[in-house]
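Residue-level structural notes
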Amino acid sequence: EDQVTQSPEALRLQEGESSSLNCSYTVSGLRGLFWYRQDPGKGPEFLFTLYSAGEEKEKERLKATLTKKESFLHITAPKPEDSATYLCAVTMNSGGGADGLTFGKGTHLIIQP
Amino acid sequence: GAGVSQTPSNKVTEKGKYVELRCDPISGHTALYWYRQSLGQGPEFLIYFQGTGAADDSGLPNDRFFAVRPEGSVSTLKIQRTERGDSAVYLCASSLTRSTDTQYFGPGTRLTVL
C-alpha cells in the first residue's frame, strides 16, 4: 500500500535551534514530492516541489531535499513565526488517486522564543 | 492575485440533511481537487477535475458524495444524507494544468454534522 510517513509527530525547539523533519514514502512510481505548511484554521500553503533524487530547494530558513526513499525539511535558525504543521505529500505515476496528493499526518512544529 | 476561495467557511447541519460546498479556483486553473481533512490528519484526496470532467473520483467514500464543475471553473461538492462521520474540513485546491503542477489550497469549509 502506498504510504507517506512523517516524523516526528511533534517537535518543540528553541528559537535559533536548527533541526530536520523527515518524510519517508513507499509508493510505486513517485511523480513528485511536495511540502506544505499549515497554520491552525487555514488551508495548506505551498512550500516546495521535488521531482528527482538529489534535488534540493531553498526558501529563507527552509531547505528541502529528496532521496529515493525519503525527503527532509531542514529548518535553520528558526523563529517563532515558523511554528506550524508541516505536511509532506506525493503524487504517483498511476493507480487510483494518483493525480491527487497523498499526504502524511504532518509534523507539528513549535518554536519557543 | 486572488487565491482559491471556498464558501461557506463553516457549515453546521443535522444528520440526514443535504449540503453543498462551493469552491472558486484560481482564475485560469484547469485542474481542481477536493480533499477532506479530519482533526490531526493530513488531507485525504476525494476527487480531481480536469476542465469540466471528473478525471479521478476514486477517493469519494460512497455514493452520498458527488461533485460537479459544469463550466470548468467553480465546483460544488454535494453530500446527501449527511452522517456525523462526515464532519471534517473540506479543502479545495487548484493547479494550472496537469496534475503534476503545484496545487494551491483554499481556506476550507468546516462541516459539522450534529
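Structure report, in brief. Predicted model only: the values in this text are computed from it and were never measured. Each chain carries its own residue numbering, running from 1 in the written order of its sequence. To label them, take the chains in the order written and letter them from A, then take the ligands in the order written and number them from 1. For this predicted model, a pLDDT threshold of at least 70 governs which residues receive local features, and a threshold of 80 or more governs which side-chain atom pairs are given and counted, while totals over whole chains, interfaces and linings are taken from all residues. Hydrogens and water molecules were not included; the side-chain quantities draw on all heavy atoms of the structure.

**A word on the state of the cysteines**
Whenever a pair of cysteine sulfur atoms sits within 2.5 Å, that pair is classed as a disulfide. Scanning the model with the defined rule gives 2 disulfides over all chains in all. One disulfide in the model links C23 of chain A with C88 of chain A; its S-S distance is 2.0 Å. Note on the C23 of chain A and C88 of chain A pair: the S-S dihedral is about -65 degrees, so by sign convention the disulfide is left-handed. On the criterion of sequence distance, the pair formed by C23 of chain A in strand β3 (residues 19-26) and C88 of chain A in strand β9 (residues 84-92) is long-range, its members being 65 residues apart. Note on accessibility: C23 of chain A and C88 of chain A belong to one class, buried. The disulfide partner of C23 of chain B is C92 of chain B, and the S-S distance across this bridge is 1.8 Å. Because the torsion about its S-S bond is -65 degrees, the bridge between C23 of chain B and C92 of chain B counts as left-handed. Separated by 69 residues along the polypeptide, C23 of chain B in strand β3 (residues 19-24) and C92 of chain B in strand β9 (residues 88-95) bring together distant segments of the chain. Strands are runs of DSSP state E lasting at least 2 residues, helices are runs of H or I lasting at least 4, and numbering of each runs from the N terminus. Note on exposure labels: buried denotes an accessible area under 20% of the residue type's maximum, exposed denotes more than 50%, and partly exposed covers the range between, all computed with a 1.4 Å probe on protein chains only.

**Some points on the interface of chain B and chain A**
Note on definitions: a residue-residue contact is assigned when non-hydrogen atoms from the two residues lie within 4.5 Å. Counting from both sides, the interface comprises 20 residues of chain B and, opposite them, 23 residues of chain A. Two parts placed together each lose some accessible area under a 1.4 Å probe, and the buried area is that loss summed for both. With both chains or domains summed, chain B and chain A bury close to 1500 Å², and 54% of this area falls on carbon and sulfur atoms. Whenever Lys or Arg places a side-chain nitrogen within 4 Å of a carboxyl oxygen from Asp or Glu, that contact is recorded as a salt bridge. Linking chain B with chain A are 0 salt bridges. What qualifies as a polar contact is a pair of N or O atoms within 3.5 Å, subject to a donor-acceptor requirement within protein and to the restriction that residues adjacent in sequence count only when both atoms come from side chains. Run the count over chain B and chain A and you get 4 residue pairs in polar contact (both at pLDDT 80 or more). Basically, the charged four are Asp, Glu, Lys and Arg, the nonpolar ten are Ala, Val, Leu, Ile, Met, Phe, Trp, Tyr, Cys and Pro, and anything else, Gly included, counts as polar. Grouping the amino acids of the side of chain B that touches chain A by side-chain chemistry returns 9 nonpolar, 10 polar and 1 charged.

**A short note on the sheet that holds strand β8 (residues 70-75) of chain A**
Within a sheet, each strand pairs with its neighbour through backbone hydrogen bonds, oriented either parallel or antiparallel. Residue and element names in this part refer to chain A. Two strands pair under a simple rule: DSSP has to find at least two bridges between them. In spatial order, the strands read β1-β3-β8-β7-β6; together these 5 strands make up an open sheet with antiparallel pairing. Edge positions in the sheet fall to β1 (3-7) and β6 (56-59), since each has one partner strand and no second. This sheet shows a mean twist of 15 degrees between the axes of neighbouring strands, independent of strand direction. Of the pairings in the sheet, the one linking β1 to β3 comprises 5 bridges and is antiparallel in character. Within β3, the residue paired with V4 across the bridge is Y25. Fitting a line to C-alpha atoms yields each axis, with helices limited to the stretch in contact; the angle taken between N-to-C directions then spans 0 to 180 degrees.

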